[in-house]
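Spelled out, the chains give:
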Protein chains: 2
Amino acid sequence: MSAAREIIPIHALKAVCSTCSLQELCLPLGLAQEEMVQLDDAINQRMPVRRGEALFRLGDAFRSLYAVRTGFFKTVVVSEDGREQVTGFHMAGELMGLDAFGTDQHGCTAIALEDCEVCELPYHRLENLALEIPALNRHLYKLMSREIIRDQGAMLLLGNMRAEERLAVFLLNLSQRMAARGFSSRQFVLRMTREEIGSYLGMKLETVSRTFSRFQQDGWIKVQGKQIEVLDLAAIKQLVSGCIGLQH
Amino acid sequence: MSAAREIIPIHALKAVCSTCSLQELCLPLGLAQEEMVQLDDAINQRMPVRRGEALFRLGDAFRSLYAVRTGFFKTVVVSEDGREQVTGFHMAGELMGLDAFGTDQHGCTAIALEDCEVCELPYHRLENLALEIPALNRHLYKLMSREIIRDQGAMLLLGNMRAEERLAVFLLNLSQRMAARGFSSRQFVLRMTREEIGSYLGMKLETVSRTFSRFQQDGWIKVQGKQIEVLDLAAIKQLVSGCIGLQH
DNA sequence: CGAGGTCTTGACCTCCCTCAAGCCTTGTGG
DNA sequence: CCACAAGGCTTGAGGGAGGTCAAGACCTCG
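Residues numbered from 1 in each chain as written. Chains lettered and ligands numbered in written order. Predicted model: local features only at pLDDT ≥ 70, side-chain atom pairs only at ≥ 80, totals over all residues. Heavy atoms only, no water.

A.B. asks: Any chance you could explain the protein's contact with DNA strand C here in plain terms?
C.D. replies: Within the structure, DNA strand C sits among 17 residues, and A:Ala163, A:Thr207, A:Arg210, B:Ser209 and B:Ser213 are positioned closest to it. A share of 63% is what sugar and phosphate atoms reach among the atoms of DNA strand C within 4 Å of the protein. A distance of 2.8 Å separates a phosphate oxygen of DNA strand C from a polar atom in the backbone of A:Ala163. Listed by contribution, the elements that provide at least two residues to the surface near DNA strand C are helix 7 (205-217) of chain A together with helix 7 (205-217) of chain B. The element contributing the most residues to the surface near DNA strand C is helix 7 of chain B, with 5 residues. Among the residues forming the surface near DNA strand C, the class breakdown is 3 nonpolar, 5 polar and 9 charged. (Near = heavy atom within 4 Å. Polar contact = N/O pair within 3.5 Å; in protein donor to acceptor, adjacent residues only side chain to side chain. Helix = DSSP H or I, 4+ residues; strand = E, 2+ residues; numbered from the N terminus. Nonpolar A, V, L, I, M, F, W, Y, C, P; charged D, E, K, R; others polar.)

And the structure:
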C-alpha cells in the first residue's frame, strides 16, 4: 500500500484531464474546456500500481479518490471472520474510493489485478474546486448516485438470480464496458480468477467454472482459461432479458 | 413507532431542522446553528404519505430528496420481468432519493409501509445551499458514501451468508436503529411483511418464517406475527459476530 | 362476519455447495 | 532453457440448505 504511493513516474509527467482520452468516461464529463484545465491542476501525476498491490485498504485514512488510467482493479470488503466479498471490478476511466468520499476512512480495499496506472485526486483540492465549479460538484453527486444504483443492481443480482443468469449479466456487463473503451466486445481476457468472479457474484469458484463450461457446450462462448470469446451474444442477452443487472 | 406519530405538534408548522428532534440523525448533523437556520428555508413543510402510496417511483423526474419524519418506508427496484428486490427500509431521520441525487431520474421506488410524514428537500435549493455551506456539501458526500457502504454490506450479506445469519443481522440492525431513536431495542413491531424481509435478504418468505420459528424455539426471540421480542441478544450477536452486515 | 391477504408448517425436490482428484498454466530457480 | 512447484482450473460424486408447492390457520379490515 505505502509502496504504491511512493513510486514516482520516471519523467514525472502530470496527468492532464484536458487531453486525456478517457475524459468521456471519467470525472471531467460535462465540464467546459476551461473548467477542465482547472481540474488538471487538482490532479496528481500518474501513479503506477503493481499487480497484487493495494492502492488503499479498508480503514486507511481517506485522502484521495483514484481514477483508473490503465489496468484493472478489484475492490473487496473483508468481514472480521475473514470472509471476503468482491464489491466491484474497475477499469480505465472509473473512479475508486467514492465509498469514502467526504469521510475519513476508506470503506473497502482496492487491489490491482494487473500492473496499473491511476490518477490521484486529492480530496481537499477536489472539494474546493467543486465549490467553485457547480458543474463539477453536481457531477460528483452524479457519480456517487450512479455507484449506489450499481450496488443496488448487484443486490438484485445476488438476491434474485440464478447462477446462470448472474454469470450472463457479468459477461454482458464486461463486454459492454470493453466496447465503451474501444476494445472488442466479443473477445477479451478476464483479469480476475474464477474465485474472484464467484465472490462478486455470490457463488463458488466451481460453480463459475461449471457454468462457463455449460455456456461453452451451448455454443454461447468459447473459454480458454481467462480468454473469453463471445459467440452468441443474442442468447446471452436473452437469458438476461428483464434483469436489471450491473450497469457501470 | 406509532407512539412517535403522536408527538407531532398539533399546530402543524413548517418543518424546521433547527428545532427538529431528529437533527442528530438527519441531514443537519454537524452544521452550526446559523447554517441550520439557512437549511430551514430550503425545506418544504411536512408531507403526509399514506400507507401503500409511493413517494416516488423508479423513472420519476428527480426533484427532491426526502427525509422520513415519522413512519416507515421500503425502497424497491423492479426488473423488467417483474422481479422485485427490496433495497432498503427507512425510518425516522433517514434520507431517501440519494441514488438519484444529481441525476434526473429516480433509481428506485419508495413506498410507505404505514402512514408517514416526510420532509421534502428540493434539489436545486439544496444544491445552491451546499455550494454556500461547505460543511453541508461535505455532509451530503458523507451521506452518499455511507449509503454506498451500506449497500456493499448488503452485498456481503447476500453473497456470503446463510439464511440464519442474514435474519440475525437484520434483527440486530433493526434493533439498533430503534434504540438510536429512543424506542425499545428489545421489543418492536415489524412494519414489513415476511415477503418484503425475504426480498431484502435474498430468501423466500417461507424461509423467513421458518427461521423466525427456529429462533423462537431456541429461545432467542418471541414472535407473534409482526410483534418481535428479543430475548437473547447475546446469542444473536454471537451468530452475527464477524459479519459486517447492514450498518445504517 | 366474511374475504383476502398474511403467516406457518409439512413434504418434496433442485440447485448449488462441498470434497476430492487430476490437469493446466505460470512463474521461478537451478 | 528446462523442471518443478504452486496456484488456478475443470470435472465428478454426493449431500444439504433453501426453494417450491400445498394446505390450513390466523389476522385485519371493509
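After presenting the structure, the write-up continues.
A.B. asks: Honestly, the environment of B:Gly97 in this entry has me stumped. Any pointers?
C.D. replies: Residue and element names in this part refer to chain B. Considering the arrangement of structural elements, one finds Gly 97 in the loop between strand 6 (95-96) and strand 7 (109-112). Given a relative accessible area of 3%, Gly 97 falls into the buried group. For the pair Gly 97 and Thr 75, spaced 22 residues apart in sequence, the C-alpha to C-alpha distance is 9.3 Å. Once you skip the residues sitting within four places of it in the chain, Gly 97 turns out to touch Phe 56, Phe 62, Leu 65 and His 106. (Buried < 20%, exposed > 50% of the residue type's maximum accessible area, 1.4 Å probe, protein only. Contact = heavy atoms within 4.5 Å.)

A.B. asks: Honestly, helix 2 (residues 33-41) of chain A in this entry has me stumped. Any pointers?
C.D. replies: Along an α-helix, a turn takes 3.6 residues, which lines up residues three or four apart on a common side. Residues and elements named next belong to chain A. Within helix 2 the residues assigned to the buried category are Glu 35, Met 36, Leu 39 and Asp 40. The buried residues of helix 2 occupy an angular sector of 155° when the element is viewed end-on, so they sit on one face. In this structure, helix 2 carries Glu 34 and Asp 41 as exposed residues pointing more than 90 degrees from its buried face. (Arc of directions from axis to C-beta.)

A.B. asks: Where do I start with the pattern of salt bridges in this structure?
C.D. replies: Between side chains of opposite charge, pairing is possible as soon as their charged atoms come close. Residues and elements named next belong to chain A. Counted under the stated rule, the structure contains 22 salt bridges over all chains. Between Arg 150 and Asp 151 there is a salt bridge, with its nearest N and O atoms 3.4 Å apart. The residues Arg 150 and Asp 151 share a single accessibility class, namely buried. Among the salt bridges present, the one from Arg 162 reaches Glu 164, with a minimum N-O distance of 3.9 Å. (Salt bridge = Lys/Arg side-chain N within 4 Å of Asp/Glu carboxyl O.)

A.B. asks: For this particular structure, what's the right way to read the packing of aromatic side chains?
C.D. replies: How two aromatic rings sit relative to each other is set out by the distance from centre to centre and by the angle between their planes. The tally for this structure, following the rule as stated, stands at 22 aromatic pairs over all chains. Between A:Phe101 and A:Tyr123 the ring centres are 5.0 Å apart and the planes differ by 85°, which places this aromatic pair in the edge-to-face class. Remark: A:Tyr123 occurs in helix 3 (residues 123-132) and A:Phe101 occurs in the loop between strand 6 (95-96) and strand 7 (109-112); sequence separation between them is 22 residues. For the pair shown, A:Phe101 and A:Tyr123 are each scored as buried. Ring pairing ties together the aromatic residues A:Phe62, A:Phe101, A:Tyr123, A:Tyr141, B:Phe62, B:Phe101, B:Tyr123 and B:Tyr141, which thus form one cluster. (Phe/Tyr/Trp six-rings, centres within 6.5 Å; stacked < 30°, edge-to-face > 60°.)

A.B. asks: Teacher, can you tell me more about the sheet that holds strand 9 (residues 187-189) of chain A here?
C.D. replies: Backbone-to-backbone hydrogen bonds pair the strands of a sheet. The strands run either parallel or antiparallel. All names here are of chain A. Taken in spatial order, the 3 strands line up as 9-11-10 in an open sheet, and their pairing is antiparallel. For this open sheet the edge positions go to strand 9 and strand 10 (221-224), each flanked by a neighbour on one side alone. Within this sheet the neighbouring strands show an average axis-to-axis angle of 15°, counted without direction. As paired elements, strand 10 and strand 11 (residues 227-230) share 4 bridges and run antiparallel to each other. In the strand pairing of strand 11, Ile 221 is matched with Val 230. (Pairing = 2+ DSSP bridges. Axes fitted to C-alpha atoms, helices over the stretch in contact; angles between N-to-C directions.)

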